[in-house]
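Examination of the molecular architecture
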Amino acid sequence: MHYVSTRGESPQKRFTEILLGGLMDDGGLAMPESYPAFSRADLDAMRGMDYRQLAFAILSRFADDIPADDLRALIDRTYTPEVYCNTVSGSDARDITPLYTLEPGLHVLELSNGPTLAFKDMAMQLLGNLFEYALAKDSAELNIFGATSGDTGSSAEYAMRGKRGIRVFMLSPHNKMSRFQTAQMFSLQDPNIFNIAVRGVFDDCQDMVKAVSNDLAFKSSYRIGTVNSINWARVSAQVVYYFKGYFAATRSNDDEVSFTVPSGNFGNVCAGHIARMMGLPIRHLVVATNENDVLDEFFRTGVYRPRATAETLHTTSPSMDISKASNFERFIYDLTGADGAHVKALWSDVDRGRAFDLSESSLFPRVASEFGFQSGTSNHAHRIATMRLAVERWGRAIDTHTADGLKVALERRETDVPMIVLETALPAKFSETVLEALGSEPVRPAGMESLESLPQRFEVMDADVNAMKAYIADKVGQGAG
Ligand SMILES: *Cc1c(COP(=O)(O)O)cnc(C)c1O
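In short, a report on the structure. (Residues numbered from 1 in each chain as written. Predicted model: local features only at pLDDT ≥ 70, side-chain atom pairs only at ≥ 80, totals over all residues. Heavy atoms only, no water.)

**A look at the packing of aromatic side chains**
Put simply, the rule is: Classification of ring pairs rests on two measures: the distance between centres of Phe, Tyr or Trp rings, Trp counted by its six-membered ring, which must be within 6.5 Å, and the angle between planes, read as stacked under 30 degrees, edge-to-face over 60 and tilted in between. To qualify as a helix, a DSSP run of H or I must reach at least 4 residues; to qualify as a strand, a run of E must reach at least 2; elements of each kind are numbered from the N terminus. Burial classification: accessible surface area is computed with a 1.4 Å probe over protein chains only, and a residue below 20% of its type maximum counts as buried, one above 50% as exposed, and the rest as partly exposed. Throughout this description, the term charge over a ring refers to an Arg CZ or Lys NZ atom that lies within 6 Å of the ring centre and within 35 degrees of the ring normal.
All chains considered together, the criterion is met by 32 aromatic pairs. With a centroid separation of 5.5 Å and an interplanar angle of 75 degrees, the aromatic rings of Phe 62 and Trp 232 are classed as edge-to-face. Of this pair, Phe 62 sits in helix 3 (residues 51–62) while Trp 232 sits in helix 10 (residues 232–249), placing them 170 residues apart in sequence. By the burial criterion, Phe 62 is buried, and Trp 232 matches it. Measuring from ring centre to ring centre gives 6.4 Å for Phe 328 and Phe 331, while their planes differ by 40 degrees; the resulting arrangement is tilted. One end of the pair, Phe 328, and the other, Phe 331, are both in helix 13 (residues 328–335), three residues apart, so they sit about a helical turn from each other. Each member of the pair, Phe 328 as well as Phe 331, carries the same accessibility label: buried. Cluster of aromatic residues (ring-pair linked, three or more members): Phe 266, Phe 298, Phe 299, Tyr 304, Phe 328, Phe 331, Trp 347, Phe 356, Phe 364, Phe 371 and Phe 373. A cation over a ring is seen here: Arg 396 above Tyr 100, with NZ or CZ 4.3 Å from the ring centre.

Pasting the structure below:
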């Protein structure tokens, strides 16, 4: 398998070459030159597989430059009931992503039973093991430097903690994350994890990451890398649970299902699109947004209008608060029929903060008719009402992001096709809003009852790029971790 760029001007690469990297040489995103296809006979053989077997069947097609035995060992070490043990619904952790049936034809796929209680653990845990494996081969080191307002940073830290050759420097806005999220990150005592609470807001943190990343000399001498949502290995690892959910919700490979996906950066639903391109019988992929509805606007109108940071609303489903959807470029590449020059032209506007408009293009009707996309949007009042409905009607507490999904799923559901809503976080992670909706604190997984009382380890710093560089240089120079 070779990987090409969405903008058509980068040399082809292999899986391990794009594993640690971000953008391709021309600023585009990595895409497989063609999708591996699963035939009806393949699907029949896959139907009986457990999560690890499915993951190997799928990922060995994408990561074909990793020896098969090594890849299998990495997968077997990652997708265990011990890692994905935090189910609070009574589901069987051995399923890794259990399917919870609300009523016949309406299901929730549990993707949030990993260490940080959000779906990002599904891919990030594998990424941690892949990184460690790839670095050990070259006796190399990597210093991951990122900014978080919650889910991504904690998921990265829990995936990279204790990994050889890797350090994580994670910036977060001081006193701005929820108490649970703060405790989850800051209670990590692993010497290779560095939590830095920045006096400022999330954008100050992100600006510091950009400033350090733009200093190419610093970046290369201190081997700085990132783990953002455009990472191809993350996207491909997410393809697996669409297959798992499909097999769990259907009896035969003649059946179709639809998925509703609470979306932000379009990484999760992009994996669903890839599963569909590989032959999984998916009728519709329903993109659910919150008040930050840049994606819903595109799927309704054909206009993709990224927002300015100042226009991005802070909502009670904060992990979907985005101004532009980085992985969306991957879908548009497929929509254009792999026309890198077309994507490059469209993104020359996007990269300057401008919109593009496909409403008059012959491509736009195909978004729904050929690629199966639908969309919808949700707001705080919908979220609260849907969280209440889920408890009253089905006895199931859900988090705010999953509530955005369920709200849209109920609008888009068809009588003859099962609808699967992806559960992207557990309610315990967003307890303030759960309390508002349900009048009681959400159930926490076993062992997390007193997370906030554990000792915390973090530094408080000003939003000062030079001080930040000095801090990294000091820790890396000491050989910590
Ligand atoms: C990251 C995240 C999302 C959005 O996923 P994308 O892949 O960015 O579309 C939704 N819900 C939760 C809880 C998340 O952490």
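Moving on from the coordinates now.
**Comments concerning the pattern of salt bridges**
Any two side chains of opposite charge can pair if their charged atoms end up close together. To keep it simple, the criterion reads: Just to be clear on terms, a salt bridge is a Lys or Arg side-chain nitrogen sitting within 4 Å of an Asp or Glu carboxyl oxygen.
Under the criterion given, the structure shown has 31 salt bridges. A salt bridge links Asp 44 to Arg 40, with the nearest nitrogen and oxygen atoms 3.1 Å apart. With Asp 44 and Arg 40 both in helix 2 (residues 40–46) and four residues apart, the pair spans about one turn of that helix. Of the charged contacts, one joins Asp 151 and Lys 429 as a salt bridge, the two residues approaching to 2.8 Å between their closest N and O atoms. In this pair, Asp 151 is assigned in helix 6 (residues 151–160) and Lys 429 in the loop between strand 14 (419–423) and helix 18 (431–438), connecting sequence segments 278 residues apart. The pair formed by Asp 151 and Lys 429 is uniform in burial state, with each residue classed as buried.

**A few points about unusual backbone geometry**
If you check the backbone angles, Asn 175 has positive phi at about 65 degrees while not being a glycine. Inspection of the secondary structure assignment puts Asn 175 in the loop between strand 6 (166–173) and helix 7 (179–186). Given a relative accessible area of 70%, Asn 175 falls into the exposed group.

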